[in-house]
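Topology and contacts: notes
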Amino acid sequence: MKKRWKSIIALGLATAMCLSLAGCGGSGKDTASTGADSAGADSAAEDTAGGEDTSAPDSGAAESADSGDKVITFWNVGTEGADKETYEMAIRQFEENSASGYTIENIPTQNDKYKEKLVIAMSSGECPDMYTSWSGGPMNEYIDSGYAQPLDDLYEKYNLKDRFMEGAIEQASYNGKIYAIPVKNISIAGIYYNKDLFEQYDVSVPTTVSELESACDTFLANGIIPFTLANGPKWTGSMYFQCLAARKGGLEPFQKAAAGEGSFEDECFVYAGEKIQEWVNKGYFPEGFNSMSEDDGQATQFFYTEEAAMYLIGSWKTAAFKTDSDEAGNNFYDKVGWFSFPAVDGSDADSSILCGTMGDQFISFNCTDEKLDAAFEFATYLSSDETIEYMVGASLIPPVKGVEDLITDPISKSMIEASNKASAVQLWYDQYLSPAVANAHLDGNQEVFGLTMTPEDANKKMQQAMEEDLAE
């Protein structure tokens, strides 16, 4: 077992203790807003209908790979809306058509609680038969620790390799082998905006950071919050940092720093932190944003009530906006537009680069032989024509080839155009990096947003964590 895995075990044990303490005074179920999930990423509310306890892994549900049972346990974050229906649709197709005799035990859990649950399960050896993750560092650690199987032969058997976009297959691979199936959605960071507010205050869609700041100043002057943000979970604020750093310096500074050939104290990272603090001081975010919950819909509420003009978040939000608008019977969705994060003035960095994943979730498998074949067969239904058609209709962008021919939704079309033009996609920092380095980044960046730490000190903390990680 690699030394870096010890950080996950330690985190799992610490999380278990925290959850145990929190559970002593808790009332049980959480409430949350409709949404989807990501890397770093947003989620819908807990599916209370199933009575799932998300405070710890369900060891009874995590069936052994060689137990001989005919039940495949599937952990995921599809708790509500299009996410939930997508998984349930694939389950129906599998159980109606498969000759394997297996059934799927679907166990969804709210996004942030799911991350904790999965870490605890891995650290205690109670991994389910199949589970979703966000690719990158954690997925690679799960593979190194024996909780995922290589899938190249099954990709060939089910003719799946040509089904997905090359970038999606790349993010599902590790050390030259495919270990996961990308599902549901191209998840990229971008800025949703209220078209009515832009028109009312004569604001044009910005193409540079200086134009973005001019728009923010106009909204402030008219009593409108420029950006809604709930940075309690930290990954939401990380999107600002990643986008600013990529627009300032491109991908090379991050790639070199992550490989130990550069430093997270590079000027592009300093720029990102300084710009964030400048925006905080100007009042570009709601009061109390640094402790607000994304999962509970606190950021979304400012956008829905039109108190905030813009929302930097992952593209999974499109489906949530559409679903909520339809269910409310209003025309809010018609007011929503989207644009890619603007270029930094004077920088020669490629402004087509995107931050995110070419698959909102990646399914890995902790089973073998007959059960693995059946589990993989089930997962293929997540890219069946019927399921893809449903996802596109729900404003998701499945990472399959030719999906652009099916899309008519204007927001989704803008996103697929940006994806097709992108020279590269930077995986979310908290998924790309090892847990120790990712936590150093998330903690430090939240303090930068809170004005309790300088960008230089936060970057130094991140660099120290990187050096310690590489030394192990």
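Residues numbered from 1 in each chain as written. Predicted model: local features only at pLDDT ≥ 70, side-chain atom pairs only at ≥ 80, totals over all residues. Heavy atoms only, no water.

If you trace the backbone, Phe-362 turns up in strand S12 (residues 361-365). Looking at Phe-362, the relative accessible area reads 0%, which means it is buried. As a C-alpha pair, Phe-362 and Ala-168 span 194 residues in sequence and 9.2 Å in three-dimensional space. (Helix = DSSP H or I, 4+ residues; strand = E, 2+ residues; numbered from the N terminus. Buried < 20%, exposed > 50% of the residue type's maximum accessible area, 1.4 Å probe, protein only.)

Moving on, we come to the packing of helix H11 (residues 267-282) against helix H19 (residues 455-471). Between H11 and H19, the shortest axis-to-axis distance is 9 Å and the interhelical angle comes to 135°. In terms of axis orientation, H11 runs oblique to H19. Note that H11 runs across H19; the crossing there is right-handed. Within the contact between the two elements, H11 uses Phe-269, Val-270, Gly-273, Glu-274 and Gln-277 and H19 uses Pro-455, Glu-456 and Asn-459. (Axes fitted to C-alpha atoms, helices over the stretch in contact; angles between N-to-C directions. Parallel < 35°, antiparallel > 145°, perpendicular 65-115°, else oblique. Left-handed = near helix turned anticlockwise from the far one by under 90°. Contact = heavy atoms within 4.5 Å.)

This part covers unusual backbone geometry. Most peptide bonds take the trans configuration, and most residues that are not glycine carry a negative phi. One non-glycine residue with positive phi stands out, namely Asn-175, at about 50°. Relative to the helices and strands, Asn-175 is located in the loop between strand S4 (173-174) and strand S5 (177-178). Of note in this structure, Lys-234 is not a glycine but carries a positive phi near 80°. Examined against the element boundaries, Lys-234 turns out to sit in the loop between strand S8 (225-227) and helix H9 (235-249). On the basis of relative accessibility, which here comes to 24%, the residue Lys-234 falls in the partly exposed class.

Moving on, we get to the pairing of S12. Burial analysis of S12 places 5 of its 5 residues in the buried class, which makes it a mostly covered element. Pairing analysis gives 4 bridges linking strand S3 (residues 130-133) to S12, with the strands arranged antiparallel. Counterpart to Tyr-131 in the pairing with S12 is Ser-364. Pairing analysis gives 3 bridges linking strand S6 (residues 181-183) to S12, with the strands arranged antiparallel. What sits directly across from Ile-181, in S12, is Ile-363. (Pairing = 2+ DSSP bridges.)

Before going further, it helps to examine the sheet that holds S3. Sheet architecture is open: 5 strands sit in the order S2-S1-S3-S12-S6, paired in mixed fashion. The outermost strands of the open sheet, each flanked by one partner alone, are strand S2 (103-108) and S6. Between one strand and the next, the sheet's axes are offset by a mean angle of 25°, whatever the strand orientation. Of the strands in this sheet, strand S1 (71-76), S2, S3, S6 and S12 are in contact with helix H2 (residues 81-97), which crosses S2 at around 170°. Its contacts with the sheet put helix H14 (residues 369-380) on S1, S2, S3, S6 and S12, and the angle it makes with S1 is roughly 50°.

A word on H9. In this model, H9 (15 residues) spans 21 Å end to end at C-alpha, consistent with the 21 Å of a helix rising 1.5 Å per residue. Within two residues after H9, Gly-250 carries a phi angle of roughly 75°, on the positive side. (Expected span 1.5 Å × (residues − 1).)

Taking every second residue as pointing to the same face, both faces of S3 are buried, with Met-130 and Thr-132 on one and Tyr-131 and Ser-133 on the other. Sheet analysis places S1 next to S3, joined by 2 bridges and oriented parallel. Across the sheet, the residue bridging to Phe-74 is Met-130, located in S3.

Together, Glu-95, Glu-96, Glu-386 and Glu-389 give the surface a local cluster of negative charge. When residues of the negative patch are traced back to their parent elements, those giving at least two are H2 and helix H15 (385-393). Turning to its location among the elements, Glu-96 is positioned in helix H2. A residue is classified by how much of its surface remains accessible, and Glu-96, at 64% relative accessible area, is exposed. (Patch = residues over 30% accessible without salt bridge, like charges linked within 9 Å, V, L, I, M, F, W, Y side chains within 5 Å. Areas by Shrake-Rupley, 256 points an atom, 1.4 Å probe, with all protein chains shown as cover. Salt bridge = Lys/Arg side-chain N within 4 Å of Asp/Glu carboxyl O. Lys, Arg positive; Asp, Glu negative; His and termini not counted. Charge placed at Lys NZ, Arg CZ, Asp CG, Glu CD.)

A word on the packing of aromatic side chains. This model, assessed by the stated rule, comprises 38 aromatic pairs. Considering the side-chain rings of Phe-241 and Tyr-429, the 6.3 Å spacing of their centres and the 75° angle between planes classify their relative orientation as edge-to-face. Here the residue Phe-241 occupies a position in helix H9, and Tyr-429 occupies one in helix H17 (residues 429-432), the gap between them amounting to 188 residues. On the accessibility criterion, Tyr-429 (2% relative accessible area) is buried. Seen in terms of ring centroids, Tyr-304 and Phe-332 are 5.2 Å apart; in terms of plane orientation they differ by 75°. Their pairing is edge-to-face. In this pair, Tyr-304 is assigned in helix H12 (residues 298-304) and Phe-332 in the loop between helix H13 (317-328) and strand S10 (336-339), connecting sequence segments 28 residues apart. When its relative accessible area of 23% is taken as the criterion, Tyr-304 is described as partly exposed. A relative accessible area of 8% means that Phe-332 is categorised as buried. An aromatic cluster is defined as three or more aromatic residues linked by ring pairs; in this entry it consists of Phe-227, Tyr-240, Trp-279, Tyr-284, Phe-285, Phe-289 and Phe-449. One residue, Lys-117, lies across the ring of Trp-75, its end atom 4.4 Å from the ring centre. (Phe/Tyr/Trp six-rings, centres within 6.5 Å; stacked < 30°, edge-to-face > 60°. Lys NZ or Arg CZ within 6 Å of the ring centre and 35° of its normal.)

With the rule as written, the count across this model stands at 18 salt bridges. Taking the shortest distance from any N to any O, the salt bridge between Lys-184 and Asp-360 comes out at 3.9 Å. With Lys-184 in the loop between S6 and strand S7 (187-194) and Asp-360 in the loop between strand S11 (354-357) and S12, the pair connects residues that are 176 residues apart, well separated along the chain. With a relative accessible area of 2%, Lys-184 lands in the buried category. For Lys-282, the salt bridge is made with Glu-278, and the minimal N-O distance between the two is 3.4 Å. With Lys-282 and Glu-278 both in helix H11 and 4 residues apart, the pair spans about one turn of that helix. Using a relative accessible area of 35% as the deciding quantity, one classes Lys-282 as partly exposed. One salt-bridge network, held together by shared partners, links Glu-213, Lys-275, Glu-278 and Lys-282.

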